[in-house]
There are 2 protein chains.
Amino acid sequence: MPVGFNVDEMKRLDEVVEKRRRVKQGELLFNSGDTFTSLYAIRTGFFKTCVTSEDGREQVTGFQMAGEIIGMDGIVSDRHNCNAVALEDAEVCVMPFATVEDLSRELPALQRHVHKIMSREIVRENSVMMLLGNMRAEERLAAFLLNLLQRLHARGLSQSELVLRMTREEIGSYLGLKLETVSRAFSKFSEDGIIEVKQRYVKILAPEALKKIFNPQTLL
Amino acid sequence: MPVGFNVDEMKRLDEVVEKRRRVKQGELLFNSGDTFTSLYAIRTGFFKTCVTSEDGREQVTGFQMAGEIIGMDGIVSDRHNCNAVALEDAEVCVMPFATVEDLSRELPALQRHVHKIMSREIVRENSVMMLLGNMRAEERLAAFLLNLLQRLHARGLSQSELVLRMTREEIGSYLGLKLETVSRAFSKFSEDGIIEVKQRYVKILAPEALKKIFNPQTLL
DNA sequence: ATTATCTTTTGATGTGTATCAAAGGCTTTT
DNA sequence: AAAAGCCTTTGATACACATCAAAAGATAAT
């Protein structure tokens, strides 16, 4: 995945992957409170991460797919600060963080890569804050769909259709909405001819309309 | 600030600080879109960071005080992805990120420190997502006050009083609320004898009550 | 296959916060 | 010291989303 390495460096990089681990749908990759030892590179499958308040409220903090790195929440306190749950059968590369640190002292390109991945996560969360703080239900769902599509497209999949790996409730938790509101927004988009929905399957009929909902200023 | 360095290492660390920079109240330390070159360690003063959507909506993503590091949003794309505005006259240490990376390859304790700072920011943003997605207005304000107090206390200031550096509108933007709602929540806390408010000055009369509002499960 | 469980949709109603509006209190400027 | 400009408070009203409820549709279990 990382670019900017020569053949020799790529060999060194293999050192970082200790082993692989399979996680079945519904199972935890790690739990909040678990000792942090490793980052995980998702090879296949789909995850959600979420935090839970002491009184039991759950907030989905992200959805992660193949090629993405998970577990950076654990670095600060040597314990994980969120839960990671597989939403479909998954396989991850276990990368002991001590090894990542050792190797990135020798390989500036790896060091840079690690920094960028963490910075990207910070920037992503900034835009989720914008979403949660300033946008209405339909804007949030449009933003969510566009983001998923863009990431799937970057992996060679279609720009115009996708199969959701999460429930309406999980989407709602991520977007700060109740599942009924998510369902209604899907129905609205469908009525307006913007998308076609059949359960988890979603086909985008009018991507421009979706972008306008996400970013109303485009109307000007 | 960082711990775990010996005298020699501390000398090396001085290399990382290129110079200092003063930022007057209301001025920008950096702007979204600016080329990213450096992280900034706040020596004195108080900042807010915010992102702006294309149609002009602003979301405050954080408030930063002395001893905190700002600018990590720029690493991923070599451009800053948010604005940093001084809410009072401030002075920062400019730390060119290339130097930080060079030096952290030689000093594992610095490397570790950089990783922890970024991870801490990820974890902080996770809890803001919980706040924005799941909590009501008064819970959000209680959480906000408790967080500020805790950080001020860690800097040797009082646990029971503080002077806000930001307006009701900026608090509202951070908490996903309108300024009137923030004002009403302050008034409610004041009526209930939990705090005393006089403009930007806030005194905590009943810290336990505040904690209960933030975390209702404690009532059990 | 058949039952049980989970997920999704849709409707009716309720509520927390936004919006609109106006006045008063600070702060800064001149 | 007066004027101008912000910031804050408080009230009245509106609205977006939550909540409650029920049924239909998938999915998993026996």
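See the structure printed just above.
Residues numbered from 1 in each chain as written. Chains lettered and ligands numbered in written order. Predicted model: local features only at pLDDT ≥ 70, side-chain atom pairs only at ≥ 80, totals over all residues. Heavy atoms only, no water.

1. Quick look at the interface of chain A and chain B
Each partner contributes to the interface: chain A provides 48 residues, whereas chain B provides 48 residues. Here chain A packs against chain B, burying approximately 4600 Å² in sum over the two surfaces, 56% of which is carbon and sulfur. By the criterion of area lost to chain B, the three top residues of chain A are R57, R105 and M129 of chain A, representing 15% of everything that side buries. For the interface between chain A and chain B, the tally reads 6 salt bridges. Close ionic contact of R57 of chain A with E139 of chain B constitutes a salt bridge, the shortest N to O distance being 2.7 Å. Applying the counting criterion to the chain A and chain B interface returns 28 residue pairs in polar contact (both at pLDDT 80 or more). Within the residue set of the side of chain A that touches chain B, elements represented by two or more residues are β3 (38-52), β4 (58-65), α2 (97-106) and α3 (108-134) of chain A. (Contact = heavy atoms within 4.5 Å. Buried area = accessible area lost by both parts, 1.4 Å probe. Salt bridge = Lys/Arg side-chain N within 4 Å of Asp/Glu carboxyl O. Polar contact = N/O pair within 3.5 Å; in protein donor to acceptor, adjacent residues only side chain to side chain. Helix = DSSP H or I, 4+ residues; strand = E, 2+ residues; numbered from the N terminus.)

2. Thoughts on the protein's contact with DNA strand D
Taken together, 17 residues lie around DNA strand D, and A137 and T181 of chain A together with R168, S183 and S187 of chain B are the ones closest in. Considering DNA strand D, the proportion of its atoms within 4 Å of the protein that are sugar or phosphate atoms stands at 67%. Here a phosphate oxygen of DNA strand D sits 2.2 Å away from a polar atom, N or O, in the side chain of T181 of chain A. Interatomic distance of 2.8 Å between a backbone N/O atom of R168 of chain B and a phosphate oxygen of DNA strand D. Within the residue set of the surface near DNA strand D, elements represented by two or more residues are α6 (179-191) of chain A together with α6 (179-191) of chain B. Ranked by the residues each element gives to the surface near DNA strand D, the list is headed by α6 of chain B, at 5 residues. A class-by-class count of the residues in the surface near DNA strand D yields 3 nonpolar, 6 polar and 8 charged. (Near = heavy atom within 4 Å. Nonpolar A, V, L, I, M, F, W, Y, C, P; charged D, E, K, R; others polar.)

3. Things to note about empty space enclosed by the protein
Within the structure shown, the criterion is met by 1 cavity of 30 Å³ or more. In this structure, the largest cavity spans a volume of roughly 120 Å³. Around the largest cavity sit 14 residues that line it, and T49, Q64, G71, D73 and E121 of chain A are the ones nearest its centre. Looking at the lining of the largest cavity, the elements that each hand over two or more residues are β4, β5 (69-70) and α3 of chain A together with α3 (108-134) of chain B. With 3 residues, the single largest contributor to the lining of the largest cavity is α3 of chain A. For the lining of the largest cavity, the per-class residue count stands at 5 nonpolar, 5 polar and 4 charged. (1 Å grid on protein atoms, 1.4 Å probe; cavity = no way out; pocket = protein on both sides within 12 Å on 5 of 7 lines; lining within 4 Å. Points joined across faces, edges and corners; volume = space filled by probe spheres on them.)

4. Structural notes on the packing of helix α4 (residues 137-154) of chain A against helix α5 (residues 168-175) of chain A
Residues and elements named next belong to chain A. The interhelical angle for the contact between α4 and α5, taken along N-to-C directions, is 105°, at an axis separation of 11 Å. As summarised for this structure, α4 and α5 are arranged roughly perpendicular, according to the angle between their axes. Seen from α4, the contacting residues are R140, L141 and F144; seen from α5, they are I171, Y174 and L175. A per-class count over the contact of α4 with α5 returns 5 nonpolar, no polar and 1 charged. (Axes fitted to C-alpha atoms, helices over the stretch in contact; angles between N-to-C directions. Parallel < 35°, antiparallel > 145°, perpendicular 65-115°, else oblique.)

5. So, unusual backbone geometry
Even without glycine at this site, Q199 of chain A takes up a positive phi of about 60°. Within the secondary structure, Q199 of chain A sits in the loop between β8 (195-198) and β9 (201-204). Of note in this structure, D78 of chain B is not a glycine but carries a positive phi near 60°. Relative to the elements of secondary structure, D78 of chain B occurs in the loop between β5 (69-70) and β6 (83-96). The partly exposed category is assigned to D78 of chain B, whose relative accessible area is 35%. (Buried < 20%, exposed > 50% of the residue type's maximum accessible area, 1.4 Å probe, protein only.)

6. Here we look at the pairing of β8 of chain A
Residues and elements named next belong to chain A. In terms of strand pairing, β8 meets β9 through 4 bridges, oriented antiparallel. Considered in β9, the bridge of K198 is made with Y201. The turn joining β8 and β9, which pair antiparallel and follow one another in sequence, is formed by 2 residues; a positive phi near 60° is taken by Q199. (Pairing = 2+ DSSP bridges.)

7. What to know about the sheet that holds strand β9 (residues 201-204) of chain B
Residues and elements named next belong to chain B. Spatial ordering of the open sheet is given by β7-β9-β8, a layout of 3 strands whose pairing is antiparallel. Each edge of the sheet is formed by a strand with only one pairing partner; in this case those strands are β7 (161-163) and β8 (195-198). For this sheet the average axis-to-axis angle between neighbouring strands, irrespective of direction, equals 10°. Sheet topology note: the β7/β9 ladder contains 3 bridges and is antiparallel. Its bridge partner lying in β9, E161 is registered against K203.

8. Notes on the environment of L146 of chain B
Assignment of secondary structure puts L146 of chain B in helix α4 (residues 137-154). Spatially, the C-alpha atoms of L146 of chain B and Q159 of chain B are 9.1 Å apart, while their sequence positions differ by 13 residues.

9. What about the pairing of β6 of chain B?
A regular strand carries its side chains on alternate faces of the sheet. All names here are of chain B. Among the 14 residues of β6, 12 are classified as buried, and the element is accordingly described as predominantly covered. Pairing between strand β1 (residues 19-23) and β6: 5 bridges, direction antiparallel. Paired with V23 across the bridge in β6 is A90. Of the strand pairs in this sheet, strand β3 (residues 38-52) and β6 are connected by 11 bridges, and their pairing is antiparallel.

10. Considerations on the environment of V100 of chain B
Residue and element names in this part refer to chain B. Within the secondary structure, V100 is located in helix α2 (residues 97-106). Among the residues examined, V100 registers a relative accessible area of 4% and is labelled buried. Spatially, the C-alpha atom of V100 lies 29 Å from that of Q59, the residues being 41 residues apart in sequence. Beyond its immediate stretch of four places on either side in the chain, V100 contacts V16, M95, L110 and V114.

Interpretation note: all reported values are geometric properties and have no functional meaning in isolation.
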